[in-house]
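# Report on the structure
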Amino acid sequence: MGGPPGWYPDPNAPATERWWDGTAWTAHSRAAQAPGPVPQAGSPQGRPHGVGFGAPAVPLHRPAATPGTGARSRSTHTLALATAGVVLVAAVAAGAVLLGKGNGSTPEATGSVTPTVTATDDPEDGASESPSDGGDAAELVDQFNGITMPVPEGWEKSNSSLDQGTTMHTAETYECPGGGSPLCRHGRVSSLTAPQADGTSAKAVAEKDIERAADEVYGEDAIGNSVHGGITSHTVLDQRTIAVGGRAGHLVRWRVITGKGPGGYVQSVVFPSTVGTEALVMVRLAFDAGPDAPELDEMDKIVASIRPVGDATSGGVGSSIGPR
């Protein structure tokens, strides 16, 4: 049985909460909020939990015990708790109130830690920032890899835990041509650290990553749906050395043909970070090929706008290439 609509702990992403609409998990998520009152030792946990993307578990509903006074009332209530094994969280709270009346102390609050749903908690009314991103809505900041880029007009930063890395996408959504989701986007850009297993060469990593970048958007989505009908073929449009934020990198661009819909253009740009161990950074770009998608030259503009965090220069293509 599903719980009421609200924010619940994401079963697949620690430290993240996902919006449950009463019947299914939605694509809306946010960083975990401060927890509510913690249940007393021995009381049943009221926090919803689940496996995969199933419905959040809901405590069994049992009528609350009638409040009473005196030692006999408290003894009967305790025996009822021991016999039932699992009781409604409200009954625990009622028992705590009785104990507080008996000794004059203020009882600790008990019960479910399910967040209270308010108008501002609705994901349609506002979205919290990604933990790895800055607070400026006009700037996408990947603090971990030390890069930043402007958010183009008509785009927005993603707050979904299903996205890999720090991500922005076009604000408008549409019904995916392959079905299964109403949340397809015409454009998407993500920044993430390259796997060490891919090697230390920007060229080698870009050539490996381009297939993953295409599959992420036009193959199967994060929950196994082929929302574009799968990739049927691709053509390599470009591959070359490029300067990104003053660092020597490599670019690979594909034209992807899909089973449903117009397909799209996918690009992987790989270059060394300017922070830490200077690990390789992958910036993935994916634009639909349809008339409502961004112009293809917008890919070049986004790459040209990438710069190190704290660098006020424009960076990007044409900048001097710094040491690796």
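Residues numbered from 1 in each chain as written. Predicted model: local features only at pLDDT ≥ 70, side-chain atom pairs only at ≥ 80, totals over all residues. Heavy atoms only, no water.

As a further point, take the overall build of the protein chain. The secondary structure content of the protein chain amounts to four helices and 15 strands. The burial tally for the protein chain puts 41% of its 324 residues in the buried class. Excluding contacts between residues fewer than 6 apart, the proportion of contacts in the protein chain whose partners are at least 24 apart in sequence is 55%. Per element, the accessible surface of the protein chain, about 16400 Å² overall, is 55% carbon and sulfur. (Helix = DSSP H or I, 4+ residues; strand = E, 2+ residues; numbered from the N terminus. Buried < 20%, exposed > 50% of the residue type's maximum accessible area, 1.4 Å probe, protein only. Contact = heavy atoms within 4.5 Å. Areas by Shrake-Rupley, 256 points an atom, 1.4 Å probe, with all protein chains shown as cover.)

Right, let's talk about the sheet that holds strand β12 (residues 247-258) for a bit. Taking strand neighbours across the sheet as the criterion, the seven strands line up as β6-β7-β10-β14-β13-β12-β11 in an open arrangement whose pairing is antiparallel. Across the chains shown, the open sheet's two edge strands, defined by having one partner strand only, are β6 (155-157) and β11 (231-244). Along the sheet, successive strands turn relative to each other by an average axial angle of 15°, direction set aside. Across 12 bridges, the pairing between β11 and β12 is antiparallel. Residue pairing in the sheet places arginine 240 in a bridge with leucine 251 of β12. Relative to the sheet, helix α4 (residues 297-305) contacts β6, β7 (166-170), β10 (187-193), β11, β12, β13 (264-272) and β14 (280-288), its axis offset from that of β14 by approximately 155°. (Pairing = 2+ DSSP bridges. Axes fitted to C-alpha atoms, helices over the stretch in contact; angles between N-to-C directions.)

In this structure the tally under the stated criterion is 12 salt bridges. Note that lysine 203 and glutamate 207 form a salt bridge whose closest N and O atoms lie 2.7 Å from each other. A residue pair is termed a helical-turn pair when its members lie 3 or 4 positions apart in one helix, as lysine 203 and glutamate 207 do in helix α3 (residues 202-218) at four residues. Assessed through its relative accessible area of 44%, lysine 203 is described here as partly exposed. A salt bridge links aspartate 300 to arginine 253, with the nearest nitrogen and oxygen atoms 3.0 Å apart. With aspartate 300 in helix α4 and arginine 253 in strand β12, this pair connects stretches of sequence that are 47 residues apart. Overall, aspartate 300 belongs to the partly exposed group, its relative accessible area being 33%. For arginine 253, a relative accessible area of 9% puts it in the buried group. Within the structure, one salt-bridge network assembled from shared partners comprises Asp198, Asp209, Arg212, Glu216 and Arg284. (Salt bridge = Lys/Arg side-chain N within 4 Å of Asp/Glu carboxyl O.)

Time to look at the sheet that holds strand β4 (residues 139-142). Judged by pairing direction, the sheet is antiparallel, and its three strands sit side by side in the order β4-β5-β15 without closing on themselves. In this open sheet, the two edge strands, each paired with only one partner strand, are β4 and β15 (307-308).

With that settled, the discussion passes to the state of the cysteines. Overall, the coordinates contain one disulfide when judged by the stated rule. The disulfide partner of cysteine 176 is cysteine 184, and the S-S distance across this bridge is 2.0 Å. The sign of the S-S torsion, about 110°, decides the handedness of the disulfide formed by cysteine 176 and cysteine 184: right-handed. Like cysteine 176, the residue cysteine 184 is buried in the burial classification. (Disulfide = S-S within 2.5 Å.)

Moving on to the packing of aromatic side chains. Under the definition given, this model contains one aromatic pair. The ring of tyrosine 265 carries arginine 255 above its face, with NZ or CZ at 5.1 Å from the centroid. (Phe/Tyr/Trp six-rings, centres within 6.5 Å; stacked < 30°, edge-to-face > 60°. Lys NZ or Arg CZ within 6 Å of the ring centre and 35° of its normal.)

Our next topic: α3. With 17 residues, α3 ought to run about 24 Å at 1.5 Å a step, and its terminal C-alpha atoms sit 24 Å apart, in line with that. For α3, the principal kink sits at aspartate 209 and spans about 30°. The inward-facing, buried residues of α3 contact β10, β11, β12, β13 and β14. (Expected span 1.5 Å × (residues − 1). Bend = angle between axes of the 7 residues up to and from the residue.)

Structurally, glycine 3 can be placed in the segment before β1 (6-9). Classification of glycine 3 by relative accessible area gives buried; the value is 7%.

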